[in-house]
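Residue-level structure breakdown
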Amino acid sequence: MAALAESGSNPDVDLLYDINGLAKDAPGWFDGIMKFVGEWGILLAMVLLVLWCWWTVRRRGGEDTASSVAALMWAPLAAGIAVLVNVPIRGFVERPRPFREHEGLEVLIGGKTDYSFVSDHAALTMAMAVGLFIANRKFGLLGLGLALVEGFLRVYMGVHYPTDVIGGFALGTAVVLLLSPLAMALLTPVTRTVERSARVGWMIRARGNSPEEDDDEGEEQVISGARADAEADAEERDLAA
């Protein structure tokens, strides 16, 4: 990774200076906002987006409610796993932060003494976004947009190279997709069990939208259809007589 840290014709470093240069031209109050958004704001927005998606899914109901909630549970769990996987990756690569290798960067947040590759924030947000996309495409697209903004801000603040962010996106996506079959196989039975509970079933479905009611509606439709068929057969027999 030493070659990636060298300036010159390296597009990774050139893009770093181009994006971080925007922070130099921006007023101080704007950089202060970007500092908060890039460090905590996007992460908070992702958590709120997951909660919003959960609230929408449980109110909507449907046969796939339990599996959708299981996918939403997997999103933050996958994000945590991605961060844990990144610990040995950072220790193996040992890439210094860009402001330690290059002069003239506008660093908006100090105290970053760990290694740079890959970006935890990028891995976290992308893992949650992909997990959201599995549960609900509309909310997943919003999450993907937030993850891209997070990646841009990490470079804007001068704490990561663009390839750190790309690596974080790849890591978060890989963890979600590769472990998703196993996670869904384990989490879906749990959410189905909770769904049937009288006490905590509201966590999966809104009250008044229980799976038993769906079954009752289905039985009523079957019974109504059976009655209609019986009446039609009776009319045919009367005509034949």
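See above for the structure.
Description of the structure in this document. Within each chain, residues carry numbers counting from 1 in the order of the written sequence. Only residues with pLDDT of at least 70 get local features here, since the model is predicted, and only at 80 or more are side-chain atom pairs given and counted; chain-wide, interface and lining totals rely on the full set of residues. Where side-chain values are given, they derive from all heavy atoms of the structure, hydrogens and water being excluded.

Here we look at the pattern of salt bridges
For this analysis, a salt bridge means a side-chain nitrogen from Lys or Arg found within 4 Å of a carboxyl oxygen belonging to Asp or Glu. Applying the stated rule across the entire model yields 7 salt bridges. For D12, the salt bridge is made with R95, and the minimal N-O distance between the two is 2.8 Å. With a gap of 83 residues between them, D12 in helix α1 (residues 11-25) and R95 in the loop between α3 (65-93) and α4 (98-101) connect regions that are remote in the sequence. The partner of E39 in a salt bridge is R154, and the shortest N-O contact between them spans 2.8 Å. Placement of the pair is E39 in helix α2 (residues 28-60) and R154 in helix α6 (residues 137-156), with a sequence separation of 115 residues. Each of R90, R97, D114 and D120 takes part in salt bridges that share partners, so that together they form one network. Helix numbering and strand numbering both begin at the N terminus, where a helix is a DSSP run of H or I of at least 4 residues and a strand a DSSP run of E of at least 2.

Overview of helix α5 (residues 120-135)
If you check α5, its first and last C-alpha atoms are 23 Å apart, about what 16 residues at 1.5 Å a residue would give, namely 22 Å. Relative accessibility under 20% of the residue-type maximum defines a buried residue, over 50% an exposed one, and the middle range a partly exposed one, all with a 1.4 Å probe and only protein chains included. Among the residues of α5, H121, A122, A123, T125, M126, A127, M128, A129, V130, G131, L132 and A135 are the ones counted as buried. Contacts from the buried residues of α5 go to α2, α3, α6 and α7 (162-196). Under the rule applied, a polar contact is a pair of N or O atoms within 3.5 Å (in protein, one hydrogen donor and one hydrogen acceptor; residues adjacent in sequence only if both atoms are side-chain atoms). Structurally, the start of α5 carries an N-cap: the backbone nitrogen of H121 is 3.5 Å from a side-chain oxygen of S119. Multiply 1.5 Å by the residue count of a helix minus one, and that product is the helix's expected span. By the convention used here, residues are in contact when the closest approach between their heavy atoms is within 4.5 Å.

Brief notes about the side chain of D164
Inspection of the secondary structure assignment puts D164 in helix α7. Look at D164 and you get buried, because its relative accessible area is 0%. Residues contacting D164, with those up to four places away along its chain left out, are R95, S116, F117, V118 and S119.

A look at unusual backbone geometry
Omega for the bond connecting F117 with V118 falls within 30 degrees of zero, at 0°, which places this linkage in the cis form. Phi is positive for E94, close to 55°, though the residue is something other than glycine. The residue E94 is located in the loop between α3 and α4 in this model.

A word on α2
Taking 1.5 Å per residue as the helical rise, α2 with its 33 residues ought to reach 48 Å, and the 44 Å between its terminal C-alpha atoms agrees with that figure. One axis fitted to the seven residues ending at a residue, another fitted to the seven starting there: the angle between these axes is the bend at that residue. The largest bend along α2 reaches roughly 50° and is located at V37. Two residues or fewer past α2, G61 is found with a positive phi of approximately 75°.

Focus on the environment of G151
Looking at the secondary structure, you find G151 in helix α6. Among the residues examined, G151 registers a relative accessible area of 4% and is labelled buried. Taking C-alpha positions, G151 is 8.8 Å from T125, a pair spaced 26 residues apart along the chain. If we ignore the near neighbours within four places in the chain, the residues touching G151 are V165 and F169.

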